[in-house]
Amino acid sequence: MELIYKSTRNSEETATASLAILKGLANEGGLFVPDSIPAFDVSLEDLAKMDYREVAYNVMKLMLTDFTEEELRHCINSAYDDKFDTKEIAPLVKKAGAYYLELFHGSTIAFKDMALSILPYLLTTSAKKNNVENEIVILTATSGDTGKAALAGFADVPGTKIIVFYPKNGVSPIQEKQMVTQKGDNTFVVGITGNFDDAQTGVKKMFSDVELNDYLATKGYQFSSANSINIGRLVPQMVYYVYAYTRLVASGDIKAGDKINVVVPTGNFGNILAAYYAKAMGLPINKFICASNENKVLFDFFATGNYDRNREFILTTSPSMDILISSNLERLIYRIAGNDAAKNKELMTALNSQGEYTITDEMKAELKDFFGGYASEAETAETIKKVYESDGYIMDTHTAVAANVYDKYVAETGDKTPTVIASTASPYKFTRSVMNSIDAAYDKQTDFELVDELNRLSGVKVPQAIEDIRTAPVRHNTVCDKDAMLDEVKKFLGV
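Quick caveat, the model's predicted, so the values are computed rather than measured. (Residues numbered from 1 in each chain as written. Predicted model: local features only at pLDDT ≥ 70, side-chain atom pairs only at ≥ 80, totals over all residues. Heavy atoms only, no water.)

Draft legend 1. Examining the packing of helix α17 (residues 377-391) against helix α19 (residues 431-438) more closely. Their axes nearest at 8 Å, the elements α17 and α19 cross at an angle of 70°. It follows that α17 is roughly perpendicular to α19 by the angle criterion. For the crossing formed where α17 meets α19, the hand is right-handed. The residues of α19 that touch α17, namely those facing Ala381, Ile384, Lys385 and Tyr388, are Val434, Ser437 and Ile438. Among the residues forming the contact of α17 with α19, the class breakdown is five nonpolar, one polar and one charged. (Axes fitted to C-alpha atoms, helices over the stretch in contact; angles between N-to-C directions. Helix = DSSP H or I, 4+ residues; strand = E, 2+ residues; numbered from the N terminus. Parallel < 35°, antiparallel > 145°, perpendicular 65-115°, else oblique. Left-handed = near helix turned anticlockwise from the far one by under 90°. Contact = heavy atoms within 4.5 Å. Nonpolar A, V, L, I, M, F, W, Y, C, P; charged D, E, K, R; others polar.)

Draft legend 2. Highlighting the packing of aromatic side chains. The tally for this structure, following the rule as stated, stands at 20 aromatic pairs. Between Tyr52 and Tyr80, the aromatic rings sit 5.2 Å apart at their centres with planes inclined by 65°, giving edge-to-face as the arrangement. Highlighted residues: Tyr52 in helix α3 (residues 52-63) and Tyr80 in the loop between α4 (69-79) and β4 (92-95), separated in sequence by 28 residues. In this pair, the class of Tyr52 matches that of Tyr80, namely buried. A centroid spacing of 4.8 Å and a plane angle of 65° characterise the contact between Tyr52 and Tyr243, whose relative ring orientation is edge-to-face. (Phe/Tyr/Trp six-rings, centres within 6.5 Å; stacked < 30°, edge-to-face > 60°. Buried < 20%, exposed > 50% of the residue type's maximum accessible area, 1.4 Å probe, protein only.)

Draft legend 3. A look at the sheet that holds strand β1 (residues 5-7). Taken together, the three strands give an open sheet; going across it, the order is β2-β1-β3, and neighbouring strands pair in antiparallel fashion. Because the sheet does not close on itself, it has two edges, and the strands there are β2 (10-15) and β3 (32-34). This sheet shows a mean twist of 40° between the axes of neighbouring strands, independent of strand direction. (Pairing = 2+ DSSP bridges.)

Draft legend 4. Quick peek at the sheet that holds strand β9 (residues 221-224). The five strands lie next to each other as β9-β6-β7-β8-β16, forming an open sheet whose pairing is parallel. The open sheet has two free edges, formed respectively by β9 and β16 (478-481), since each of these has just one partner strand. Each neighbouring strand pair of the sheet contributes to a mean axis angle of 30°, computed without reference to strand direction. Bridge count between strand β6 (residues 135-141) and β9: four bridges; the pairing is parallel. Note on β9: the bridge partner recorded for Ile138 is Ser224. The strands touched by helix α9 (residues 196-207) are β6, β7 (160-167), β8 (187-193) and β9; relative to β6, the strand with the most contacts, the crossing angle is about 150°.

Draft legend 5. Representation of the pattern of salt bridges. Using the criterion set out here, one finds 26 salt bridges in the structure. The partner of Arg73 in a salt bridge is Glu69, and the shortest N-O contact between them spans 2.7 Å. Of this pair, Arg73 and Glu69 are both found in helix α4, four residues apart, which corresponds to roughly one turn of the helix. Under the relative-accessibility criterion, Arg73 is labelled partly exposed at 25%. Take Glu69: its relative accessible area is 43%, and that puts it in the partly exposed class. A salt bridge links Lys482 to Asp198; its shortest N-O distance comes to 3.9 Å. Placement of the pair is Lys482 in the loop between β16 and α22 (485-493) and Asp198 in helix α9, with a sequence separation of 284 residues. Salt bridges linked by common partners bring Glu54, Glu69 and Arg73 together as one network. (Salt bridge = Lys/Arg side-chain N within 4 Å of Asp/Glu carboxyl O.)

Draft legend 6. Seen up close, the pairing of strand β11 (residues 285-292). With seven of eight residues buried, β11 is to be regarded as a mostly interior element. For the crossover that starts at strand β10 (residues 260-265), traverses helix α12 (residues 270-281) and ends in the parallel β11, the hand is right-handed. Where β11 lies against strand β14 (residues 370-374), five bridges are found, and the strand directions are parallel. Within β14, the position partnered with Cys290 by the bridge is Gly372. (Right-handed = clockwise from strand over helix to strand, strands pointing away.)

Draft legend 7. Structural view of the side chain of Glu102. With respect to the element layout, Glu102 can be found in strand β5 (residues 98-102). Of the side chains bearing the opposite charge, Lys95 lies closest to the buried Glu102, which forms no salt bridge; the N-O distance is 8.3 Å. A polar contact of 2.7 Å, which involves the side chain of Glu102, links it to the side chain of Tyr393. With near-sequence residues (within four places) excluded, Glu102 lies in contact with Ile89, Ala90, Pro91, Val93, Tyr393 and Ser423. (Lys, Arg positive; Asp, Glu negative; His and termini not counted. Polar contact = N/O pair within 3.5 Å; in protein donor to acceptor, adjacent residues only side chain to side chain.)

Draft legend 8. Structural context of the nonpolar core. With 115 residues, the main nonpolar core has Tyr5, Met60, Leu64, Tyr241, Phe269, Ile333 and Tyr357 as its most contacted residues. For this core, the element with the most residues is helix α11 (residues 231-250), which contributes 13 residues. Beyond its immediate sequence surroundings of up to four residues, Tyr357 is in contact with Phe301, Gly305, Asn306, Tyr307, Leu329, Ile333, Leu347, Met348, Ala350 and Leu351. Tyr100, Ala400, Leu457 and Ala465 belong to the second largest nonpolar core, which has 40 residues in total. (Core = buried A, V, L, I, M, F, W, Y, C linked by side-chain atoms within 4.5 Å.)

Draft legend 9. Layout of the pairing of β6. In terms of burial, β6 is a largely internal element, six of the seven residues being buried. Examined bridge by bridge, β6 and β7 share six bridges and lie parallel to one another. Across the sheet, Val137 pairs through a bridge with Lys161, a residue of β7.

Draft legend 10. How the structure looks around helix α7 (residues 145-154). Counting buried residues in α7 gives eight out of ten residues, a clear majority hidden from the surface. Here α7 has its buried residues at Asp145, Thr146, Gly147, Lys148, Ala149, Ala150, Leu151 and Phe154. Of the residues trailing α7, Asp156 is marked for its positive phi of about 60°.

Okay, here's the thing in structure tokens:
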């Protein structure tokens, strides 16, 4: 049966999976959501016998129904190959009373690789299926990780160009170096004088500018997105929660049907929403533990039912979560509003004009499976140090936010359900913050001295992604004002 995607802001706007991937964003700024979520057609026991690629096929075929088996398997096999430094693709490591799902074994050492290594294949396949002649321009805002993962995925992919905007002073030194050294004639990286929300707003504005899009079409271009607003990002993310669960079944840690909790360090809400969609497919998840840093807009939302971005924007040591407008939350709002596009649009319009909205009590009751928590900067650092000292395991700052919130959840509820923590980045990506957490004296060392020291302490090989940037020349040094983003796009495209 074909699954149809609808816009969260206009129930009349529908698309096939391939068209939704191609467009990225629906008209009027809406997001594409499946009109229903199909149940697994393979048992959890059978999934437990499969490798990552097979699990991916069995999850994604249900969501991307207009792809043929051959097309989908080609996308999956091209994505999940030796770009990952482990054959498990996403290993599960038991440490400090939880299972850490390591999502950072891809080429840019962050969880974004899990989806962005397949998105270029999904997108170019979708373009062929829909007879697209235009060159596809991937337009993306990043708070640090999406940018590099998207650049790596799309570099030199025929028929595409990619433009990434990032907050000039809002990413880690390693994150920035990864982006500005990116090779590929079709890549363009721009630092903006503003924060991530400014970059994301600028990108969304270009997407929804009808005149601009019509003009670009006359020049042979059309926009698409690599951000988690693209359903082609979200569907591959569902896979690793299913994979993690079935590894626990395979190892005998749980029986098929037993419930687990998932803890996700959350910024744009895409990663935790993927777990929510996986539950709707039949994955036995008990609680979604949503972990925020000091930009705790989501924590406050789950506590009160009021989403309010009118607050100070705080730069933290977990920059990928320094976000006040969690774009993917809109998909959840749409669902708890009974798939009511008009109601959702009204709330999103309020967010746009007043910077806040409040959901109804009925909608709030639909969020009972969610637990919101947050970690301060000091708590994040303490957690890194504590787990290193107890288990010899070194985690990055984002994962530490999740681990700290999980500890608080257990203290508050006494819940002993087996728990998977999404470990979203390698500690090598945030070396200074990680090493300073272990001992403040490390701050005197250079970034690459810290890399070598982290290698000595952890016994984990320095990832190729880090070795590559030690000596790589800077290729992108454009910086613009947040209001000049469109000018830079036009300049790069030569229009």
